[in-house]
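Architecture and fold: a report
Next come the chains, spelled out residue by residue.
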Amino acid sequence: MNFNWDVFWQYLLQPSGVYLTGLWLTCVISVLAMLLGCVLGLAAALLRLSRNPLLHLPVRFYVWLMRGTPLLVQIVFLYTALAAGGIFRFQDIELFGLLIPGNIQAAIIALGLNEGAYMAEIIRAGIGAVDKGQYEAGRSLGMTFAKLMRRIVLPQAFRVIVPPLGNEFNVMLKNTTLVSVIGVQELLLSTQMVTSATFRVFELYLVVAIYFLLLTTLWGFFQRWLEKRFGQSDRPSSPPPATSRMFGRSTLKLLRGR
Amino acid sequence: MAHQSDELIIEALNIHKSFGDLQILKGISLQVRRGEVVVLIGASGSGKTTFIRCINLLEEIQSGQIRVSGHPMGYRTKADGSLVRDSERNIARQRRDIGMVFQRFNLFPHMTALENIIEAPIQVLGVPRKAAVEQAQALLKRVGLADKAGHYPSMLSGGQQQRVAIARALAMKPQAMLFDEPTSALDPETVGEVLQVMKELAEEGMTMVVVTHEMGFAREVADRVVVLDQGELIEQGPPEQIFSHPTHPRTQAFLSRVL
């Protein structure tokens, strides 16, 4: 077997600057795209509740489009195809003294747009899980729709949303590798660049896999804390036993991915 | 009770309501004076629950009019006589005047008993938090739950939850309270504590419309008993008259089944 342990340990424990930049970009793009996805998803879910077809039909179209085409195609379409067609070209912009290249903007927007469609369905399901009596109680107390949503329905829906939301972010971390095709130097592209110089393909791809495993594992711990924190007020007297937390439904969902 | 005046709090005029082809309410009219306790009785499916839900616009009506303290609720009449639903904002404002207690309590499970009670005064009426908390503590004391302020609904018994729900509705200082079968979802041993709170409320002069199967409560507390059958108001009068000398044959048939 052609495996150089020295190279492996060196890149795992003392990653070069290229690697660290890649790791940093992966995290930043994931978080920003996820935030964008949550905002879009919430807006889309609320619009879909409307009885007005002018509001809910565009949302259904958006969800249908985003879920029906490959994410990789969406990324290339947004950045490369639109520019090639002379429709829209992402320009580098300077924000707070920081130069943000066009391809990173496109990466965040493409991932966020895609995520929004999945989040819309998740949030819609969460809102649907809230008992009808909660709406009636809120209304009978004189709450408007906005207040009812913000104070009563969404906090309860959030508890249902948190487990799949954590799962979505796990998927998002891994999906950032796709934006390497538009030249964003995240972890995967950084690895490719290093391998093209060193030819240590096996060692370096193993290292990148371990990096991702590390990221998703850390996130898994955070997710478990989130679920514990926000699932609590409903059943404060009896938190679910540790075994069901480890092997229960939400964990299986976490493992399954998309 | 003794506090009645001639001022009309709730006026329902010729209310029609149907779900598709099924007519639920076939022209019900009811007037409730300030301080009056009206108990609606009737077989299941007679439309009593639907009727009180129409009063605070949880159900849409097809025709008729509802007024609370003289103000029309929820609908504007167009020139051709048809009804258009008022804006969401106006309906929300009108609902503040009417408290509602539900069969299944519908407390907010993510809030403690105290938070349930202060939520609407703070969020809807804009009461400062400190004043709202003081009021909520007084209300919890009034329903006998002063020690449960920090408890979540899931930690309370059905009867305790329903008493918190009553306090929550009272916190809005409503003109009238609607009770939709408030004891039907309770264990028998907790029914009494809820009825006791309602009785005290009636004695303090609250205007109440109560849908219930508790005939003992109707007999003891009601000023007027209203009998609904198949979407029609068939008979009404003081409890002793309805329970002892019902005139309508369908009232007689209903009472002979439940008493």
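Residue positions are given per chain, counting from 1 as you read along its sequence in written order. In the order they appear in the text, chains get letters beginning with A and ligands get numbers beginning with 1. In keeping with the model being predicted, local features are shown solely for residues with a pLDDT of at least 70 and side-chain atom pairs are shown and tallied solely at 80 or more, while totals for entire chains, interfaces and linings include all residues. Side-chain metrics in this entry use all non-hydrogen atoms of the structure; hydrogen atoms and water are not considered.

1. Brief notes about the sheet that holds strand S9 (residues 176-180) of chain B
All names here are of chain B. Strand pairing is assigned whenever DSSP detects at least two bridges linking the two strands. Starting at the N terminus, helices and strands are each numbered in turn, a helix being any DSSP run of H or I of at least four residues and a strand any DSSP run of E of at least two. If you trace the 6 strands from one edge of the open sheet to the other, you get S8-S9-S10-S3-S11-S12, paired in mixed fashion. Each edge of the open sheet is held by one strand with a lone partner, namely strand S8 (98-101) and strand S12 (232-237). Taken over all neighbouring pairs, the strand axes of this sheet differ in orientation by 20 degrees on average, direction set aside. One ladder, built from 5 bridges, connects S9 with strand S10 (residues 207-211); its direction is parallel. Looking across to S10, one finds that Leu178 is bridged to Val209. By definition, residues are in contact when any of their heavy atoms lie within 4.5 Å. Fitted lines through C-alpha atoms give the axes, limited to the stretch in contact for helices. The angle between two N-to-C directions lies from 0 to 180 degrees. Those strands touched by helix H1 (residues 48-55) are strand S3 (37-41), S8, S9, S10 and strand S11 (224-229), and its axis lies near 150 degrees from that of S9. Sheet strands touched by helix H6 (residues 188-203): S3, S9 and S10. Its angle to S10, the strand with the most contacts, is close to 145 degrees.

2. Remarks on a nonpolar patch on the surface
All names here are of chain A. Excluding any residue in a salt bridge, patches collect residues exceeding 30% relative accessible area, merging like charges within 9 Å and nonpolar Val, Leu, Ile, Met, Phe, Trp and Tyr side chains within 5 Å. In these tables, accessible area is a Shrake-Rupley quantity obtained with a 1.4 Å probe, and a residue counts as shielded only by the protein chains included in the view. Each salt bridge in this description consists of a side-chain nitrogen of Lys or Arg and a carboxyl oxygen of Asp or Glu lying within 4 Å of one another. Taken together, the side chains of Met1, Phe202 and Leu206 define a hydrophobic patch exposed on the protein surface, amounting to about 360 Å² of accessible area. Considering the arrangement of structural elements, one finds Leu206 in helix H9 (residues 201-230). Here Leu206 falls in the partly exposed class, since its relative accessible area comes to 33%. Residue exposure (1.4 Å probe, protein chains only): buried if accessible area is under 20% of the type maximum, exposed if over 50%, otherwise partly exposed.

3. Quick look at helix H6 (residues 132-140) of chain A
When you tally the buried positions in H6 of chain A, you get 7 out of 9 residues, the bulk of the element. Buried within H6 of chain A are the following residues: Gly133, Gln134, Tyr135, Glu136, Ala137, Gly138 and Ser140 of chain A. Residues of H6 of chain A that are buried in the fold lie against helix H5 (102-128) and helix H7 (145-175) of chain A together with H1, helix H2 (88-95), S8 and helix H5 (158-170) of chain B. Polar contacts, as used here, are pairs of N or O atoms within 3.5 Å; protein pairs need one atom able to donate a hydrogen and one able to accept it. Residues neighboring in sequence count only if both atoms are side-chain atoms. The distance from a side-chain oxygen at the start of H6 of chain A to the backbone nitrogen of Gly133 of chain A is 3.1 Å, and the residue carrying that oxygen is Asp131 of chain A.

4. Here we look at the interface of chain B and chain A
Accessible area lost during the coming together of the parts is what is often quoted as the interface size. Each partner contributes to the interface: chain B provides 26 residues, whereas chain A provides 24 residues. Summed over both sides, the interface between chain B and chain A buries roughly 2,200 Å², with carbon and sulfur atoms accounting for 57% of that surface. Put simply, buried area is how much 1.4 Å-probe accessible surface two parts lose in total, over both of them, once they are put together. Of all residues in chain B, Phe108, His110 and Gln123 of chain B give up the largest surface area on contact with chain A, accounting jointly for 25% of the area buried on that side. Across the chain B-chain A interface, the total number found is 2 salt bridges. Of the charged contacts, one joins Glu136 of chain A and Arg53 of chain B as a salt bridge, the two residues approaching to 2.6 Å between their closest N and O atoms.

5. Examining the nonpolar core
The nonpolar side chains of a soluble globular protein tend to be buried, and buried together. Each nonpolar core is a collection of buried residues, namely Ala, Val, Leu, Ile, Met, Phe, Trp, Tyr and Cys, held together in the definition by side-chain atoms within 4.5 Å. In terms of nonpolar packing, the biggest core is built from 92 residues, with Tyr19 and Ile29 of chain A together with Leu40, Phe51 and Ile52 of chain B touching the most fellow members. The element contributing the most residues to this core is H7 of chain A, with 11 residues. Aside from chain neighbours lying at most four places away, what touches Phe51 of chain B is Ala12, Ile15, Leu25, Ile28, Leu30, Leu40 and Leu228 of chain B.

6. Concerning the confidence of the model for chain B
How sure the predictor is of each residue is captured by pLDDT, a score from 0 to 100. For chain B, per-residue confidence averages 92 on the pLDDT scale, and residues scoring 70 or more make up 98% of the total. With a pTM of 0.83, the predicted complex shows an ipTM of 0.91.

7. Some points on the confidence of the model for chain A
In the predicted model, chain A carries a mean pLDDT of 87, and 89% of its residues have values of at least 70. Within chain A, no element has a lower average pLDDT than helix H11 (residues 249-256) of chain A, which sits at 48, and none a higher one than H6 of chain A, at 96.

8. A closer look at the pattern of salt bridges
Per the counting criterion, the structure on display carries 17 salt bridges over all chains. For Arg124 of chain A, the salt bridge goes to Glu121 of chain A, with nearest N and O atoms at 3.4 Å. With Arg124 of chain A and Glu121 of chain A both in helix H5 and 3 residues apart, the pair spans about one turn of that helix. A relative accessible area of 33% places Arg124 of chain A in the partly exposed class. Judged by relative accessible area, which is 18%, Glu121 of chain A ranks as buried. For Arg200 of chain A, the salt bridge is made with Glu203 of chain A, and the minimal N-O distance between the two is 2.7 Å. Glu203 of chain A carries the same exposure label as Arg200 of chain A, and that label is buried. Linked through salt bridges whose partners overlap, the residues forming this network are Lys132 and Glu136 of chain A together with Lys17, Arg53 and Glu59 of chain B.

9. Quick notes on the environment of Val37 of chain B
Residues and elements named next belong to chain B. Inspection of the secondary structure assignment puts Val37 in strand S3. Residue classification places Val37 among the buried residues on the basis of a relative accessible area of 0%. Once the C-alpha coordinates of Val37 and Tyr75 are considered, the two residues, 38 residues apart in sequence, prove to be 26 Å apart. Those residues within four positions of Val37 in sequence are excluded, and the remaining contacts are Ala202, Met206, Met208, Val221, Ala222, Asp223 and Arg224.

10. A look at the packing of helix H2 (residues 17-49) of chain A against H9 of chain A
Residue and element names in this part refer to chain A. For the pair H2 and H9, the least separation of the axes is 12 Å and the interaxial angle reads 35 degrees. Crossing of H2 over H9 shows right-handed handedness. Contacts from Tyr19, Leu23, Thr26 and Cys27 of H2 reach H9 at Leu204, Val207, Val208, Tyr211, Phe212 and Leu215. When residues are sorted by character, Ala, Val, Leu, Ile, Met, Phe, Trp, Tyr, Cys and Pro go into the nonpolar class, Asp, Glu, Lys and Arg into the charged class, and all the rest, Gly among them, into the polar class. Its residues assigned to classes, the contact of H2 with H9 comprises 9 nonpolar, 1 polar and no charged. Left-handed describes a crossing in which the near helix is turned anticlockwise from the far one by less than a right angle; the clockwise case is right-handed.

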